[in-house]
2 protein chains.
Amino acid sequence: MTSSSIQNRRQFLKTAALSGVIAGSYSLPVIAGIDKFELTDSLPDSMKTPGQDFTNYGQPSLHEQRVIRWISANPAAPGNGVSWTPLHDLQGTITPNGLHYERHHNGVPEIDPQTHTLLIDGLVEHPLSFNIANLLRYPMKSRTCFIECGGNSNSGWRSNPIQSQAGYAHGLVSNAEWTGIPLKLLLNEAGIKPSAKWAIAEGADGASLNVSIPIEKLLDDALLALYQNGERLRPENGYPIRLVLPGWEGILNVKWLRQLRLSEHPAMTRDETSQYTDLLPDGKARQFSFINDAKSLITSPSLGMQLPDNPGIYQISGLAWSGRGKISRVEISADGGETWVDAELEGPILDKAFTRFHLAWQWQGQYAILQSRATDETGYVQPTRDVLLANRGKHGFFHYNAIVSWEITEEGDINHVYGF
Amino acid sequence: MTSSSIQNRRQFLKTAALSGVIAGSYSLPVIAGIDKFELTDSLPDSMKTPGQDFTNYGQPSLHEQRVIRWISANPAAPGNGVSWTPLHDLQGTITPNGLHYERHHNGVPEIDPQTHTLLIDGLVEHPLSFNIANLLRYPMKSRTCFIECGGNSNSGWRSNPIQSQAGYAHGLVSNAEWTGIPLKLLLNEAGIKPSAKWAIAEGADGASLNVSIPIEKLLDDALLALYQNGERLRPENGYPIRLVLPGWEGILNVKWLRQLRLSEHPAMTRDETSQYTDLLPDGKARQFSFINDAKSLITSPSLGMQLPDNPGIYQISGLAWSGRGKISRVEISADGGETWVDAELEGPILDKAFTRFHLAWQWQGQYAILQSRATDETGYVQPTRDVLLANRGKHGFFHYNAIVSWEITEEGDINHVYGF
């Protein structure tokens, strides 16, 4: 942050109550319609020639090639890292399959659906093995839900706010319609022994990724997903089968699933001990936190965009989600949290899924700090960064869900700052 | 149809009441779980090596390359034709963007979003011209809806039932989350003169496609769509802007929109006179029919699939949709329409959008004819083919929405037949 913007922030603190003017959500931009035009005797070139041919599988426009998953991988360990969903370039709530975030521990395995099998064993009456053709005959159910990596937004733990675009700091979360078999059907067919309290889920990737999951969640809303937004799963999202646990952190949604072994105790695997566990200020560790807490993010305006030098009405738009249920409220502040106004939530508001919010904002060229704050149907309210750090310490790495603050300078530049 | 299957159909008529046994929708397949397995000391190859690297924009699995839009284009007029959504290979309700059906009259134009403009003129107080950057500043709204070509399913008018897979006879319909500007905002900004009753919408393609649309629909739920399933529109679906008229036939959802000219009367353009108009038995023409009537289709089991030679429980699954509102009911018959059972509808049931239905079916190796029949919230019931032909004649080409019948032979083969 430059000293000039610090000056602005000091001044801003004194005038905050005045600077958070927010208009109704369907106000129109002042400048958008241009009241002049030419009746084009000259037709555009696109009307003078036949267009391109049909395609068997369509691709985005060449003019949108900047809209990509941004890859942050470990050069020393190929296939270990993430790619981020460009939330700042998207609208609505569905993440198209080509842009669903990736988190791999050892790359995307090549799996032949003809030979892949899923084994359900351990504390069951009848160990069962399924191939994909058999699974496709089971009753299926669809549900739209987000999946969020436990490490999403973890740059928030740094001392200084990272200057990345919204999706490239918070885009390890995506939202899709998943279709598959309610897992309880298969578990009940196998027969769960009374001593079974956990299942150890393992993927068929080079990392042999495995994690422990309480049996209650598997019997609740867990899906054995075969389809993603209508088509079969993408390789990077678990083709041919993925465990989907709505609202539970990404790593538990095991991709390339090959085994569910029921057990009395969790396995204390690498990925649930050294990773995805939070060391707290008192030296204890927070483990098996599972649920993605409520969170929200203004995707527009956001860092990397620029407000034109003319004041006017801008549409604030963003996403909110909670692993505990439906989003019940999103509030917006333009003065760094002094005053708040309810945003409009777009329906249908679905359980454990992205909810898009909107609010029109009258920007008059003033310094501002835009924030969004989500509340879910359980009453959980997204915390400020100060509160999150007070509870979880300064040395966290996972499960960061604090309010995100975008600084708007008088010049219309947008920076990431930490809230007060 | 072979004489053997005719014999079967005659016998079937006598035993119809017995052959339509339908079980509860969450019954399990009898054969799907195999109660034997090997504890694989030998891990699959995919676990022995690092996997593939991250990708900026993902693609379907190489094992799913058969899942394509099937192209039926006019060899004498490149870019004139359709490509079909493979509904028989999909699940859930969202059509992924790569598989959204195409209908072009003269190919897919290449349009530069930097120079494209939308003109609103004619009977308005203030003619307005917008570029894409300006449009992106307007308030946006998302809605999931289907778009269906007026020519979808038109092989149903042939004397003999076409033997094509479900999507390749009925897949000129797709369902997506569209995000854009409620058109009424722009029309109201332009100021609608009292004499304006219609708008002539024109696309910037080589066909100069233009159609007349009643102003009431544009002021109701019309969207000026910029996004499709979260990302910017695909070129073949109108990039950079498309008119979306939920529930109204595809051609009215003008792609590559460049002009809306408000007028007192419809323009009687080529595409609303020689095309998309139905000649009725009495010699009169049914024109400006606009709304896609309620329709349904069993996508599984369907032609191109085969029931294995062992009887058992099969999950009937399919799609229903109506341009008049929500689907309120889908019934299934396994006996060619003698008896009907309600299917389970999957929620959320959205207005003018795909609704997925399910029903478990106990197939005991008998001859059967599977049908689905949709009812929408206005009470409209999908007609039999006989009723449709009685009302609309035998020489139709557009707006076919009759019940589809799949014949299941005793061998488990599946054929398309016309219902009784």
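Residues numbered from 1 in each chain as written. Chains lettered and ligands numbered in written order. Predicted model: local features only at pLDDT ≥ 70, side-chain atom pairs only at ≥ 80, totals over all residues.

(A) Main features of the overall build of chain A. Along chain A, the regular secondary structure elements total 7 helices and 24 strands. Taken across its 420 residues, chain A has 53% of its residues classed as buried. Considering only intrachain contacts with a sequence separation of at least 6, the fraction spanning at least 24 residues in chain A is 73%. (Helix = DSSP H or I, 4+ residues; strand = E, 2+ residues; numbered from the N terminus. Buried ≥ 20, exposed ≤ 12 C-beta atoms within 10 Å, placed from the backbone. Contact = placed C-beta atoms within 7 Å.)

(B) Spotlight on the sheet that holds strand 1 (residues 70–73) of chain B. Residue and element names in this part refer to chain B. Here we have 3 strands laid out as an open sheet, ordered 1-2-3, and antiparallel in their pairing. The sheet terminates laterally at strand 1 and strand 3 (102–104), the two strands that pair on one side only. Between one strand and the next, the sheet's axes are offset by a mean angle of 10°, whatever the strand orientation. (Pairing = 2+ DSSP bridges. Axes fitted to C-alpha atoms, helices over the stretch in contact; angles between N-to-C directions.)

(C) Just the environment of Asp271 of chain B, in detail. Take Asp271 of chain B: it is sitting in helix 6 (residues 270–273). Beyond its immediate sequence surroundings of up to four residues, Asp271 of chain B is in contact with Leu209, Val211, Ile251 and Tyr276 of chain B.

(D) Structural detail: the interface of chain B and chain A. Every contact between the two is made by 95 residues of chain B and, on the other side, 96 residues of chain A. By residue class, the composition of the side of chain B that touches chain A is 41 nonpolar, 35 polar and 19 charged. (Nonpolar A, V, L, I, M, F, W, Y, C, P; charged D, E, K, R; others polar.)

(E) Layout of the relation of the copies chain B and chain A. With an RMSD of 0.0 Å, the fit of chain B onto chain A corresponds to turning through 180° and sliding 0.0 Å along the axis. Those values place the two copies in the arrangement expected of a two-fold rotation axis. Scanning chain B for the C-alpha nearest the rotation axis identifies Pro96 of chain B, at a separation of 3.6 Å. Comparing interface residues between copies, 100% of those in chain B also lie at the interface in chain A; the contact surface is shared. (Least-squares fit on C-alpha atoms with pLDDT ≥ 70 in both.)

(F) Main features of the domain arrangement of chain A. Residues and elements named next belong to chain A. On domain assignment, one finds that chain A holds domain 1 (104–286) and domain 2 (292–417). Placing a centre on the C-alpha atoms of domain 1 and another on those of domain 2 gives a separation of 28 Å. Facing 27 residues of domain 1, the contacting portion of domain 2 comprises 28 residues. Taken together, the elements giving at least two residues each to the side of domain 1 that touches domain 2 come down to strand 6 (141–148), helix 3 (166–170) and strand 14 (278–279). (Domains from an automatic or database assignment.)

(G) Region of the structure containing the sheet that holds strand 8 (residues 198–203) of chain A. Residues and elements named next belong to chain A. Spatial ordering of the open sheet is given by 5-4-13-8-9, a layout of 5 strands whose pairing is mixed. Looking at the sheet topology across the chains shown, the edges are occupied by strand 5 (128–131) and strand 9 (210–214). Averaged over all neighbouring strand pairs, the angle between strand axes comes to 15°, with direction disregarded. Here strand 8 runs beside strand 13 (residues 257–263); their pairing, made up of 6 bridges, is antiparallel. Opposite Gly203, over in strand 13, you have Leu257 as the bridge partner.

(H) View of helix 4 (residues 183–190) of chain B. All names here are of chain B. Taken as a whole, helix 4 has its buried residues at Leu183, Leu186, Leu187 and Ala190. The arc that holds every buried residue of helix 4, seen down its axis, measures 100°, which confines them to one face. Packed against the buried residues of helix 4 are strand 4 (117–122), strand 5 (128–131), strand 7 (173–182), helix 5 (215–220) and strand 10 (223–228). At the C-terminal side of helix 4, Gly191 shows a positive phi close to 85°. (Arc of directions from axis to C-beta.)

(I) How the structure looks around the pairing of strand 8 (residues 198–203) of chain B. Residues and elements named next belong to chain B. Across the 6 residues of strand 8, 6 count as buried, placing the element largely inside the fold. With 5 bridges joining them, strand 8 and strand 9 (residues 210–214) adopt antiparallel strand pairing. Residue Glu202 lies in a different strand from strand 9, and its bridge partner there is Asn210. Taking the residues between adjacent antiparallel strands as the criterion, strand 8 and strand 9 are bridged by 6 residues, where Ser208 takes a positive phi near 45°.

(J) Structural context of the confidence of the model for chain A. All names here are of chain A. A residue-level look at chain A finds 90% of positions with pLDDT of 70 or above and a mean pLDDT of 91. Counted against residues more than four places away or in other chains, residues 1–11, with its pLDDT under 50, gives 9 contacts. Contacts from residues 13–21, a stretch scored under 50 in pLDDT, to residues over four places away or in other chains number 18 contacts. Complex prediction metrics read pTM 0.93 and ipTM 0.93. (pLDDT = per-residue confidence, 0-100.)

(K) Representation of unusual backbone geometry in the model. Residues and elements named next belong to chain A. Backbone torsion omega between Tyr239 and Pro240 reads 10°, so that peptide bond is classified as cis. For Pro240, the location among the structural elements is in the loop between strand 11 (231–232) and strand 12 (242–244). Cis geometry marks the peptide bond from Gly347 to Pro348; its omega dihedral reads -5°. The residue Pro348 is located in the loop between strand 20 (344–345) and strand 21 (355–363) in this model.

(L) Representation of the environment of Ser164 of chain B in the model. Residue and element names in this part refer to chain B. Positionally, Ser164 belongs in the loop between strand 6 (141–148) and helix 3 (166–170). Considered as a pair, Ser164 and Asn415 are 251 residues apart in the sequence and their alpha carbons are 8.9 Å apart. If near-sequence neighbours (up to four positions away) are discounted, Ser164 is found in contact with Ala169 and Leu303.

(M) Molecular detail of the pairing of strand 22 (residues 368–376) of chain A. Residues and elements named next belong to chain A. The element strand 22 is largely enclosed, with a buried count of 8 among its 9 residues. Sheet analysis places strand 18 (residues 327–333) next to strand 22, joined by 6 bridges and oriented antiparallel. Bridge pairing links Ser333 to Gln371 in strand 22. Pairing between strand 22 and strand 23 (residues 405–408): 4 bridges, direction antiparallel. Paired with Ala368 across the strands is Ile408, a residue of strand 23.

(N) The arrangement of the environment of Trp157 of chain A in detail. Residue and element names in this part refer to chain A. Along the polypeptide, Trp157 turns up in the loop between strand 6 and helix 3. On the neighbour-count criterion, Trp157 (18 C-beta atoms within 10 Å) is partly exposed. As a C-alpha pair, Trp157 and Gly393 span 236 residues in sequence and 9.1 Å in three-dimensional space. Sequence-distant contacts of Trp157, defined by excluding residues within four places in its chain, comprise Gly396, Phe397 and Tyr400.

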